[in-house]
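Below are the chains, spelled out letter by letter.
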Amino acid sequence: MLGLKLLTDPRWANIASSNLEEILTDHAWCEQKAASNAISLITQNSEHEDLVHELTAIAIEEMDHFKMVIDIIKERGYTLGRERKDDYVGQLMKFMKKDGSRNQSFIDRLLFAAMIEARSCERFRVLSKNIKDEALAKFYHELMVSEANHYTTFLNFARKYTVDVDVDKRWKEWLDFEGELIQSYGKKEHIHG
Ligand SMILES: [Fe+2]
Ligand SMILES: [Fe+2]
């Protein structure tokens with residue numbers, strides 16, 4: 001799926017379902033971080049008009065997802081907890097190239113975003129297929145489709161704006177790295193946990 005090297009064990013969905021308040025809190029903050037990431041990409045690369053427009057739409061959509069999640073939290077009588085640390089994303093961040101040319105950092109930032117979209121999409125798929133709660137299963141199916149589109153947008157911009165990066169080669173490195181990394185996860189009621 002989306003080139004991912006390792007698919008999530010569906011049993012992770014049981015862990016997630018066992019603590020909906022926690023998974024929903026973590027999920028809400030994932031959406032906020034996705035919006036913030038799109039906004040910083042816009043701020044740092046404003047010379048690309050199409051990127052500014054498409055990532056503005058994504059930032060709005062991510063905040064719309066955030067709103068949907070906090071609405072579900074409220075409807076169910078849960079409380080939105082404080083922002084959760086995302087160790088998985090922290091590890092991906094370390095893999096991101098920061099010492100190359102401006103273009104290399106830009107392209108790697110896009111691939112970092114595509115990577116998170118791909119795994120989030122896969123995790124939403126696992127939830128949509130395995131969660132017993134019908135309303136949530138439907139919700140996660142819709143979000144899965146949306147995050148798959150974001151994945152495509154980030155990857156396409158990387159291919160469009162590369163100057164000195166072999167995007168296919170670098171994307172393969174990302175997929176290999178993530179395939180190893182994800183083996184340590186799948187045990188917690190967090191979207192990337
Ligand atoms: Fe989202
Ligand atoms: Fe997204």
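Up top you'll find the structure we're talking about.
Quantities reported herein were computed from a predicted structural model and do not represent experimental measurements.

1. With respect to unusual backbone geometry
- Notably, Leu2 is not glycine yet its phi reads approximately 50 degrees, a positive angle.
- Among the structural elements, Leu2 can be located in the segment before α1 (11–17).
- For Leu2, a relative accessible area of 25% translates into the label partly exposed.

2. Details of the coordination of the iron ion (ligand 1)
- Around the iron ion (ligand 1), the protein contributes the donor atoms Glu31 (OE), Glu62 (OE), His65 (ND1) and Glu147 (OE), which lie 2.0 to 2.2 Å from the metal centre.
- When the donor residues of the iron ion (ligand 1) are listed from N- to C-terminus, their spacing reads E-x30-E-x2-H-x81-E.
- In this structure the iron ion (ligand 2) is found 3.6 Å away from the iron ion (ligand 1), and Glu62 serves as a bridging donor for the pair. Of this pair, Glu62 sits in helix α3 (residues 49–75) while Glu147 sits in helix α6 (residues 134–161), and the two are 85 residues apart along the sequence.
- Among the residues examined, Glu62 registers a relative accessible area of 1% and is labelled buried.
- For Glu147, a relative accessible area of 2% gives the class buried.

3. Describing α6
- Over its 28 residues, α6 runs 41 Å from end to end, which matches the ideal 40 Å to within 8%, given 1.5 Å per residue.
- Backbone nitrogen of Ala135 and a side-chain oxygen of the N-cap are separated by 3.2 Å at the start of α6; the cap is Asp133.

4. Side note on the coordination of the iron ion (ligand 2)
- Only Glu62 (OE), Glu117 (OE), Glu117 (OE), Glu147 (OE) and His150 (ND1) from the protein coordinate the iron ion (ligand 2), and they sit 1.9 to 2.4 Å from it.
- Donor residues for the iron ion (ligand 2) sit on one chain with the sequence pattern E-x54-E-x29-E-x2-H.
- For Glu117, a relative accessible area of 6% translates into the label buried.

5. Concerning the nonpolar core
- Ranked by size, the top nonpolar core spans 36 residues in total, and within it Leu55, Ile107, Leu110 and Trp171 carry the most contacts.
- In terms of residues, this core owes the most to one element, helix α5 (residues 102–130), which gives ten residues.
- Leaving out residues up to four positions away in the same chain, Leu55 has contacts with Ala38, Leu41, Ile42, Thr153, Phe154 and Phe157.
- Judged by nonpolar contacts, the second largest core, of 25 residues, contains Ala13, Phe66, Phe124 and Leu127.

6. A look at the packing of α5 against helix α7 (residues 167–181)
- Orientation of α5 relative to α7, taken along the N-to-C sense of each, is 45 degrees, at an axis distance of 11 Å. Put simply, α5 runs oblique to α7. Considering how the two elements wind past one another, α5 and α7 form a crossing that is right-handed. For the pair α5 and α7, contact is made by Ile107, Asp108, Leu111, Phe112, Ala114, Met115 and Arg119 and by Val167, Arg170, Trp171, Trp174, Leu175 and Glu178, respectively.
- When its residues are assigned to classes, the contact of α5 with α7 shows nine nonpolar, no polar and four charged.

7. Here's the deal with the side chain of His192
- Relative to the assigned elements, His192 resides in the segment after α7.
- Take His192: its relative accessible area is 4%, and that puts it in the buried class.
- At a separation of 2.7 Å, a polar atom in the side chain of His192 contacts the side chain of Asp86.
- Residue contacts for His192: discarding those within four places in its chain leaves Asp26, Cys30, Asp86, Tyr88, Val89, Ile116, Arg119, Ser120, Arg123 and Tyr185.

8. Looking at the packing of aromatic side chains
- The full count for this structure, using the stated rule, is ten aromatic pairs.
- Considering the side-chain rings of Tyr88 and Tyr185, the 5.8 Å spacing of their centres and the 80 degrees angle between planes classify their relative orientation as edge-to-face. Here Tyr185 lies in the segment after α7 and Tyr88 lies in helix α4 (residues 87–95), a separation of 97 residues in the sequence. The same class applies to Tyr88 and to Tyr185, which are both buried.
- Both rings, one in Phe157 and one in Tyr161, keep their centres 6.1 Å apart while their planes meet at 20 degrees; by these two values the pair is stacked. With a gap of four residues between them, Phe157 and Tyr161 both fall in helix α6, about one helical turn apart.
- Take Phe157: its relative accessible area is 4%, and that puts it in the buried class.
- The exposure class assigned to Tyr161 is buried, which follows from its relative accessible area of 16%.
- The cationic tip of Arg123 hangs over the ring face of Trp12; the distance from NZ or CZ to the ring centre is 4.5 Å.

Basis of the calculations
- Residues numbered from 1 in each chain as written.
- Chains lettered and ligands numbered in written order.
- Predicted model: local features only at pLDDT ≥ 70, side-chain atom pairs only at ≥ 80, totals over all residues.
- Heavy atoms only, no water.
- Helix = DSSP H or I, 4+ residues; strand = E, 2+ residues; numbered from the N terminus.
- Buried < 20%, exposed > 50% of the residue type's maximum accessible area, 1.4 Å probe, protein only.
- Donors = N, O, S within 2.8 Å, 3.2 Å for Na, K, Ca; no water.
- Expected span 1.5 Å × (residues − 1).
- Polar contact = N/O pair within 3.5 Å; in protein donor to acceptor, adjacent residues only side chain to side chain.
- Core = buried A, V, L, I, M, F, W, Y, C linked by side-chain atoms within 4.5 Å.
- Contact = heavy atoms within 4.5 Å.
- Axes fitted to C-alpha atoms, helices over the stretch in contact; angles between N-to-C directions.
- Parallel < 35°, antiparallel > 145°, perpendicular 65-115°, else oblique.
- Left-handed = near helix turned anticlockwise from the far one by under 90°.
- Nonpolar A, V, L, I, M, F, W, Y, C, P; charged D, E, K, R; others polar.
- Phe/Tyr/Trp six-rings, centres within 6.5 Å; stacked < 30°, edge-to-face > 60°.
- Lys NZ or Arg CZ within 6 Å of the ring centre and 35° of its normal.

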